[in-house]
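One letter stands for each residue in the lines below.
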Amino acid sequence: MMPAADAEKLLADVEAFCQELRPIEELCYVEHRYNDQLVPLARKHDLLGMVVPPAYGGRGADTVTYARALARIGREGTGVRTFFSGHTSIGEYPIMTWGTEEQKRRYLPAACRGEKILAFGLTEPEAGSNPLEMRSTYERRGDHFVLNGVKYLISNGGIATTIVTFAYPAGRQGRISAFLIDTDQPGFQSEDLTAKMGMPTANTAMFEMTNLKVPLANLLGEEGEGFRIAMGTLISGRISVAAGCLGVIEDCLAEVVRYAQERSQHGKAIGRHQLVQEHIAAIEMDRLATEALVLRAAEAKDASAAHPGDAKRHAQAELLAAQAKLYASQAAWDAADRAVQVFGGRGWSTLYRPGRHLQDVRVCRIYEGTDEILKLKIAAAVLGKEYEAYR
Ligand SMILES: Cc1cc2nc3c(=O)[nH]c(=O)nc-3n(C[C@H](O)[C@H](O)[C@H](O)COP(=O)(O)OP(=O)(O)OC[C@H]3O[C@@H](n4cnc5c(N)ncnc54)[C@H](O)[C@@H]3O)c2cc1C
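What counts, and where the lines are drawn
Residues numbered from 1 in each chain as written. Predicted model: local features only at pLDDT ≥ 70, side-chain atom pairs only at ≥ 80, totals over all residues. Heavy atoms only, no water. Disulfide = S-S within 2.5 Å. Buried < 20%, exposed > 50% of the residue type's maximum accessible area, 1.4 Å probe, protein only. Patch = residues over 30% accessible without salt bridge, like charges linked within 9 Å, V, L, I, M, F, W, Y side chains within 5 Å. Areas by Shrake-Rupley, 256 points an atom, 1.4 Å probe, with all protein chains shown as cover. Salt bridge = Lys/Arg side-chain N within 4 Å of Asp/Glu carboxyl O. Helix = DSSP H or I, 4+ residues; strand = E, 2+ residues; numbered from the N terminus. Phe/Tyr/Trp six-rings, centres within 6.5 Å; stacked < 30°, edge-to-face > 60°. Expected span 1.5 Å × (residues − 1). Bend = angle between axes of the 7 residues up to and from the residue. Near = heavy atom within 4 Å. Polar contact = N/O pair within 3.5 Å; in protein donor to acceptor, adjacent residues only side chain to side chain. Core = buried A, V, L, I, M, F, W, Y, C linked by side-chain atoms within 4.5 Å. Contact = heavy atoms within 4.5 Å.

## Observations regarding the state of the cysteines
And step 1. Under the defined criterion, the tally for this structure stands at 0 disulfides.
And step 2. You can see Cys18 has no disulfide; the closest cysteine sulfur is in Cys28, sitting 15 Å from it.
And step 3. Using a relative accessible area of 1% as the deciding quantity, one classes Cys18 as buried.
And step 4. Here Cys252 stays free of any disulfide, with the sulfur of Cys245 as its closest cysteine sulfur at 10 Å.
And step 5. Residue Cys252 is classed as buried on the basis of its relative accessible area of 0%.

## Here's the deal with a nonpolar patch on the surface
And step 1. A surface patch of nonpolar side chains, amounting to about 360 Å² of accessible area, comprises Leu27, Val30, Leu351 and Tyr352.
And step 2. Its location among the elements puts Tyr352 in the loop between helix 8 (311-343) and helix 9 (353-361).

## Structural notes on the packing of aromatic side chains
And step 1. Counted under the stated rule, the structure contains 10 aromatic pairs.
And step 2. For the pair Phe343 and Tyr352, a centre-to-centre distance of 6.0 Å together with 65 degrees between the ring planes defines the contact as edge-to-face.
And step 3. Taken together, the ring pairs in this structure connect Phe17, Phe83 and Phe84 into an aromatic cluster.

## Points about helix 1 (residues 4-30)
Because the α-helix completes a turn every 3.6 residues, residues three or four places apart line up on one side.
And step 1. Between the first and last C-alpha of helix 1 there are 38 Å, a value that for 27 residues agrees with the 39 Å anticipated at 1.5 Å per step.
And step 2. Within helix 1, the axis deviates most sharply at Arg22, by approximately 40 degrees, and proline Pro23 lies no more than four positions further along.
And step 3. Considered for burial, the residues of helix 1 that qualify are Ala7, Leu10, Asp13, Val14, Phe17, Cys18, Leu21, Glu25, Cys28 and Tyr29.
And step 4. Backbone geometry just after helix 1 places His32 at a positive phi near 55 degrees.

## So, unusual backbone geometry
And step 1. Of note, Met199 is a non-glycine position whose phi angle comes to about 50 degrees, a positive value.
And step 2. On the secondary structure map, Met199 appears in the loop between strand 6 (188-192) and strand 7 (204-215).
And step 3. Since its relative accessible area comes to 7%, Met199 is described here as buried.
And step 4. The backbone of Asn211 sits at a positive phi, close to 45 degrees, despite the residue not being glycine.
And step 5. You can see Asn211 is positioned in strand 7.

## A few points about the site of the ligand
And step 1. In the vicinity of the ligand lie 17 residues, with Thr123, Ser129, Leu153, Thr370 and Glu372 positioned nearest.
And step 2. The contact in question runs from an oxygen atom of the ligand to an N or O atom on the side chain of Thr370, over 2.7 Å.
And step 3. Side-chain polar atom of Glu372 to an oxygen atom of the ligand: 2.8 Å apart, as the coordinates give it.
And step 4. Counting residues per element, the ones that place at least two in the shell around the ligand are strand 3 (144-155) and helix 10 (371-383).

## Focus: the nonpolar core
And step 1. With 91 residues, the main nonpolar core has Phe17, Leu47, Met50, Ile73, Phe84, Phe120 and Phe166 as its most contacted residues.
And step 2. A per-element tally of this core places helix 6 (residues 226-262) first, with 16 residues.
And step 3. The next biggest cluster of nonpolar side chains, apart from the first, holds 16 residues, and it includes Ala119, Tyr138, Ile181 and Leu212.

## Comments concerning the side chain of His279
And step 1. For His279, the position within the fold is in helix 7 (residues 274-306).
And step 2. At a separation of 3.1 Å, a polar atom in the side chain of His279 contacts the side chain of Arg338.
And step 3. Non-local contacts of His279, meaning those with residues more than four positions away in its chain, are made with Arg338, Gln341 and Val342.

In short, geometric facts, not functional conclusions.
Shown next, in the form of structure tokens:
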């Protein structure tokens, strides 16, 4: 556990960051452009290595504290929170967990200082819900590997300096391995994806590896361990999405309460109309349920981290992360939809927070495991492994 005073300081820094970021983020959103002040401000408030151990330059937050931080950041928007998920939850986390000492020293302090920005490249045009269908390959040639392939829909993919990525041995003979690839090397090319329905201030990109030379020292984990690393990383990623969705719900509730008290129609504040109150009660119930699930998943992940090698605790953390992410992303979508409704015509405008949340949060039901894949996972946990429908 992180000492209480350190946790309090971290959350105070997150609060200061969010307050400073908000006017800039709002302007970027309405102008539909990438928020290039996010990284400098996160660096200023020392938020680029929240879960990284202090020995590698980070703040050493446990998962519960980090989830609270991400919930606060999620209030600023799913695009802002997605940056942190990409850089920390699925970027720094796998290096912390499976990296060699040399890899940790080379990447983590620089990532905490914002000199390196991280991303996680698993999805491909032909491999989304089933990463085993990926086509990227690697081949060992002397003192390096050569990687080829295309990764699609990668958060931070166009701003990252280093990406955790995955490939099969050439000819797809054997199992997937994980690599740390540096994006300044010849053979790496990225393209920002701009035709998207939300998160205009965040970076989403595809990238291509064409005979990309990767030093042998950049293999992450053991050869053939890539799928396990990817799935282990998704536990951290799913909790981050769920925590961010909690923030979206909290922000929608705050906006709706304020607006329902300020706006009058039919001679009274709209908050006095019972059908408007129904929206407020529904958002509040979802906030409570989501918070409970997020904290439970975060506690389970901390318990699993405290007992490495305990398969039961690991499975419990994995299941709770999937459950929290499924529930939170649907609840946040519903909360944003209700908030838009309470705001009426203004709700439909991206000049107001509910409309922006609605557009942005939809992706949370798709990335880091779609609703459908998570439901199958939860059903298999209830029915038994032999019922796994996605194998
Ligand atoms: C904005 C954004 C950011 C992203 N960031 C990242 C990132 O940083 N890194 C990364 O690696 N990926 C990222 N992704 C990719 C994301 O994880 C995938 O889009 C997601 O896993 C779904 O894959 P897909 O889009 O190929 O859909 P598909 O897998 O083709 O699925 C299409 C539909 O079929 C359903 N389906 C598929 N298989 C089954 C089944 N067995 N049973 C029932 N239904 C099924 C799905 O649930 C879905 O409804 C991002 C995506 C977006 C949109």
